[in-house]
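Residue-level listing of the chains:
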Amino acid sequence: MSLTSIILSTGSYLPSKILTNADLEKMVDTTDEWITQRSGIKHRHIAGENETTGDMALHAARKALENAKLDPQDIDGIIVATTTPDRTFPSVAVKVQGDLGVKPGLAFDVQAVCTGFVYALTVADNFIKMGQAKNILVIGAEKMSSLLDWTDRTTCVLFADGAGAVILQAKETDDTLSNKLDGQGIHSTHLYANGSKRELLQTTGGVSTTGGNGVIEMQGREVFKYAVSYMADVVAETLAYNGITSADIDWLVPHQANIRIIESTAKKLNMSMDQVVVTLDHHGNTSAASIPLALDEAVQGGKIKRGQMLLIEAMGGGLTWGAALVRY
Ligand code: ACO
């Protein structure tokens, strides 16, 4: 008997405060036109001062449980992708576990910046395929606003806060299918990092260096170049690995960093932008939260339907990048 991980449900949470490009014009030397043209972002959500990544993760997890009609006791694993934990330790995952009242089981955080959700999904998928867990909450949650220098116009106009969650459930693989890709679930995941480029996107400090968190510093133009090429490579690899073409994909669900990177990937795949889930215009770049937030919006909005094939991809600090092929 072999096992597959299916996406049983999705859920998300966005803080109530909305920061528009017009608001940013009053804070730094920028314009709505520059931000819109260069990134595609119009407005974003920013967490309240006392609202933590863990609080947002908990809201998203509750929604995912509600949508799955599952009880917290049904969960046997929690993996949170985040770069902005409430505390250096313990993890956000154990906060969610404790506050939800989930029974003891695996719970830990994964840190791969904007690729974090794809990494967390992969780790959860492998636990499920090994038969070590049945229902895993996979969450991407970030308070990126706490890592920003609000006087640095090159970064503060891009990042934002929020959380998204999925529940992965173990299901017996349907061996009667003539084409295994017709089956529901995660068909493949592909992860990469290139640590020799880590200085292109990093924080100015950390626990064992400055003792503080630091703020984000990014060589945007360089990151952009790598993002375009790494995304093209990893989506091509995912299609080739599964022996399919982009015509077999119903939805591209990309990390929401920059509309020009997303358009370039869609173009290389020969996919229309009508088949791409885009939320960055109203979410901004929420790092590890961006994909589960986009997924949940597209599912709840009736865009993504059961049985459709999704190509998920992300790229971020590290540099890290990755993709997943999933039949929803
Ligand atoms: N408003 C107005 N002007 C600005 C702003 C701003 N907010 N920010 C920068 N500029 C100026 C620059 O100073 C520069 O001026 P100069 O030509 O006089 O030097 C000019 O605009 C162009 O700057 P570039 O950095 O070349 O602009 P670019 O077209 O590359 O767009 C951007 C910048 C949006 C950051 C883009 O490079 C990008 O999206 N990069 C990739 C980001 C990304 O994908 N990150 C990965 C995920 S994030 C993570 O993992 C945490």
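Residues numbered from 1 in each chain as written. Predicted model: local features only at pLDDT ≥ 70, side-chain atom pairs only at ≥ 80, totals over all residues. Heavy atoms only, no water.

1. Concerning the site of the ligand
Line of reasoning, step 1. Around the ligand sit 26 residues in total, of which Thr30, Arg38, Cys114, Arg221 and Asn258 are the nearest.
Line of reasoning, step 2. Between the ligand and the protein, one listed contact pairs an oxygen atom with a side-chain N or O atom of Arg38 at 2.7 Å.
Line of reasoning, step 3. In the environment of the ligand, an oxygen atom lies 3.1 Å from a nitrogen or oxygen atom belonging to the backbone of Gly220.
Line of reasoning, step 4. The set of elements that each furnish at least two residues to the shell around the ligand consists of helix H2 (32-39), helix H6 (153-156), helix H7 (220-242), helix H8 (259-268) and strand S12 (309-316).
Line of reasoning, step 5. Per element, the largest residue contribution to the shell around the ligand is four residues, and it comes from H7.
Line of reasoning, step 6. Among the residues forming the shell around the ligand, the class breakdown is 13 nonpolar, eight polar and five charged.
Line of reasoning, step 7. Of the domains in this structure, domain 1 (3-172) and domain 2 (183-327) are the two that each give at least three residues to the shell around the ligand. (Near = heavy atom within 4 Å. Polar contact = N/O pair within 3.5 Å; in protein donor to acceptor, adjacent residues only side chain to side chain. Helix = DSSP H or I, 4+ residues; strand = E, 2+ residues; numbered from the N terminus. Nonpolar A, V, L, I, M, F, W, Y, C, P; charged D, E, K, R; others polar. Domains from an automatic or database assignment.)

2. A look at the pairing of S12
Line of reasoning, step 1. Most of S12 is tucked away, with eight of its eight residues classed as buried.
Line of reasoning, step 2. Neither face of S12 is exposed, since Met309, Leu311, Glu313 and Met315 on one face and Leu310, Ile312, Ala314 and Gly316 on the opposite face are all buried.
Line of reasoning, step 3. Alignment of strand S11 (residues 251-254) against S12, held across four bridges, turns out to be parallel. Looking across to S12, one finds that Val253 is bridged to Ile312.
Line of reasoning, step 4. Judged from the eight bridges that link them, S12 and strand S13 (residues 320-327) form a sheet pairing that is antiparallel. Bridging from a neighbouring strand, Ala314 pairs with Gly322 of S13.
Line of reasoning, step 5. Linking S12 back to S13 in an antiparallel pair, the connection comprises three residues, with Gly318 at a positive phi of about 145 degrees. (Buried < 20%, exposed > 50% of the residue type's maximum accessible area, 1.4 Å probe, protein only. Pairing = 2+ DSSP bridges.)

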